[in-house]
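An overview of the molecular structure
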Amino acid sequence: MVSTKYLSVFSPATEQQRKENFDSYWEFTQQHGGELLEQDKDLAKKRDRLKHFQDNPVKLRKPLADPEAFYRNYVDMQDDLKSLDRMTLMLTGIYKFARHEWVGIKGAWDVVPDMANSHALEDKISRVHLAEEFCHVRLFDEMLKTCGLDKVEWVPLGPVKEKIYEQFPKLPGFLMDTPAFVTELMGVTFYCHLYRLFDDVLADEPEVCARLKELLDEITIDEVAHVGQRRNFIGPIGMKVSKALVKPFYTLFFKDIPEVGQLFNVEQMIKDGIAFDFNDLPEYMLDRSWVPSYCKA
Ligand SMILES: [Fe+2]
Ligand SMILES: [Fe+2]
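Reference entry: report on the structure contained in this document. Throughout, residues of each chain are indexed from 1 in the direction in which the sequence is written. A letter from A marks each chain and a number from 1 marks each ligand, given out in the order of writing. Note on the predicted model: pLDDT of at least 70 is required for a residue's local features to be given, and 80 or more for side-chain atom pairs to be given and counted; whole-chain, interface and lining totals, by contrast, use all residues.

A few words now on the overall build of the protein. Each helix is a run of DSSP H or I of at least 4 residues and each strand a run of E of at least 2, with the numbering of both proceeding from the N terminus. From N to C terminus, the protein includes 12 helices and 2 strands. Start at the N end of the protein and walk to the C end: the helices and strands fall as α-β-β-α-α-α-α-α-α-α-α-α-α-α. The C-alpha atoms of the protein give 19 Å as radius of gyration, which agrees with the globular expectation for 297 residues (19 Å, within 12%). If you line up the protein on its principal axes, its C-alpha atoms span 55 × 45 × 40 Å. Classification of the 297 residues of the protein by burial places 34% in the buried group. When contacts within the protein are restricted to residue pairs at least 6 apart in sequence, long-range pairs at least 24 apart make up 78% of them. Computation of the radius of gyration draws on C-alpha atoms alone. For the globule rule, the value is 2.2 Å times the number of residues to the power 0.38. Exposure criterion: with C-beta atoms placed from backbone coordinates, a residue whose C-beta has 20 or more other C-beta atoms within 10 Å is buried, one with 12 or fewer is exposed, and one in between is partly exposed. Note on contacts: each residue gets a C-beta atom placed from the backbone, and two residues are in contact if those atoms are within 7 Å.

Here it is, written out as structure tokens:
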């Protein structure tokens, strides 16, 4: 049954509504992640959740046939894409997506004000947001470990790309807010497609399939809230710009990860991004996430 409880993420909002929604998001995010552990770029509740997974590990029934194929290609694709099995492609694809996320937040963490120096509510929200993103990288790392890949290193991008990512958060809001929003939306779209891919690639591995879904859910629930939160930074013109950016952004970003074109339908992802309205998300996720008031029907 299709839900009609929610409206397009591109729905208009007044200045006053956006102000109220920042207050509401701040309330949400504090109870959602628990105490901010700034030294560790971590959040108390998320740390506990990860520990629960680590303390109750799940293993593949049949270990990866060729882990070296993963290690050879996870940073840069060396082999012919067509020669790799879907499981390896899925795992290197997950790493590459997460690596971009990691590089982006690493650059931002050092340039945005820490909590003690965050006076505006938006700055406090952004600090906690970044800490959540670091938790996501840990969850992705746990996904790879669950598949027996415990020698994964988080490798920086080349110096030029690293510099670009470092400059991004210093841009003024009218330039930074729309791409930041579209990036979050792209995350949610990718994770929804990845969730369905698990069923397909891990059909013979029910335990690992269920665990990867649990790990991914933790990430997607945060990202759904980030989508609304980043949307809330944007006024009417910026919303039009954002909608127009979905296609070029998704196209460019996924071109950089060859696995994605092999495993996913990028055209469909673009359509899903433009049509995004929260209604396709399961109830249990929305219960733990946050949706702006002006996206509720
Ligand atoms: Fe994330
Ligand atoms: Fe995010």
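A set of buried Ala, Val, Leu, Ile, Met, Phe, Trp, Tyr and Cys residues, joined to one another through C-beta atoms within 7 Å, is what we call a nonpolar core. In terms of nonpolar packing, the biggest core is built from 58 residues, with L91, I94, M143 and L185 touching the most fellow members. Among the elements that line this core, the one with the most residues is helix α4 (residues 86-111), at 11 residues. Beyond its immediate chain neighbours, meaning those up to four positions away, L91 contacts F70, L144, C147 and L149.

The subject of this paragraph is the packing of helix α7 (residues 173-201) against helix α9 (residues 236-255). For helices, the axis comes from a line fit to the C-alpha atoms of the stretch in contact; other axes are also lines fit to C-alpha atoms, and the angle between any two N-to-C directions lies between 0 and 180 degrees. Between α7 and α9, the shortest axis-to-axis distance is 9 Å and the interhelical angle comes to 55°. On the basis of the axis angle, α7 is oblique to α9. The two elements α7 and α9 cross, and the hand of that crossing is right-handed. Counted together, D177, T178, P179, F181, V182, L185 and M186 of α7 and G238, V241, S242, L245, V246, F249, Y250 and F253 of α9 form the full contact between these two elements. Across the contact of α7 with α9, the residue classes break down as 11 nonpolar, 3 polar and 1 charged. Should an angle fall under 35 degrees it is taken as roughly parallel, and over 145 as roughly antiparallel, whereas 65 to 115 is taken as roughly perpendicular and any remaining angle as oblique. Each helix crossing is assigned a hand: it is left-handed if the near helix lies turned anticlockwise from the far helix by less than a right angle, otherwise right-handed if that turn is clockwise. For this classification, Asp, Glu, Lys and Arg are treated as charged, while Ala, Val, Leu, Ile, Met, Phe, Trp, Tyr, Cys and Pro are nonpolar and the rest, including Gly, are polar.

Contact geometry for α9 and helix α11 (residues 266-274): axes closest at 9 Å, N-to-C directions at 150°. Between α9 and α11, the crossing angle belongs to the class labelled roughly antiparallel. Here α9 and α11 pass one another in a crossing that is right-handed. Where α9 approaches α11, its residues K243, V246, K247, Y250 and F254 are matched on the opposing element by V266, M269, I270, G273 and I274. Class assignment of the residues belonging to the contact of α9 with α11 gives a composition of 7 nonpolar, 1 polar and 2 charged.

The values reported here are purely geometric and, on their own, carry no functional implication.
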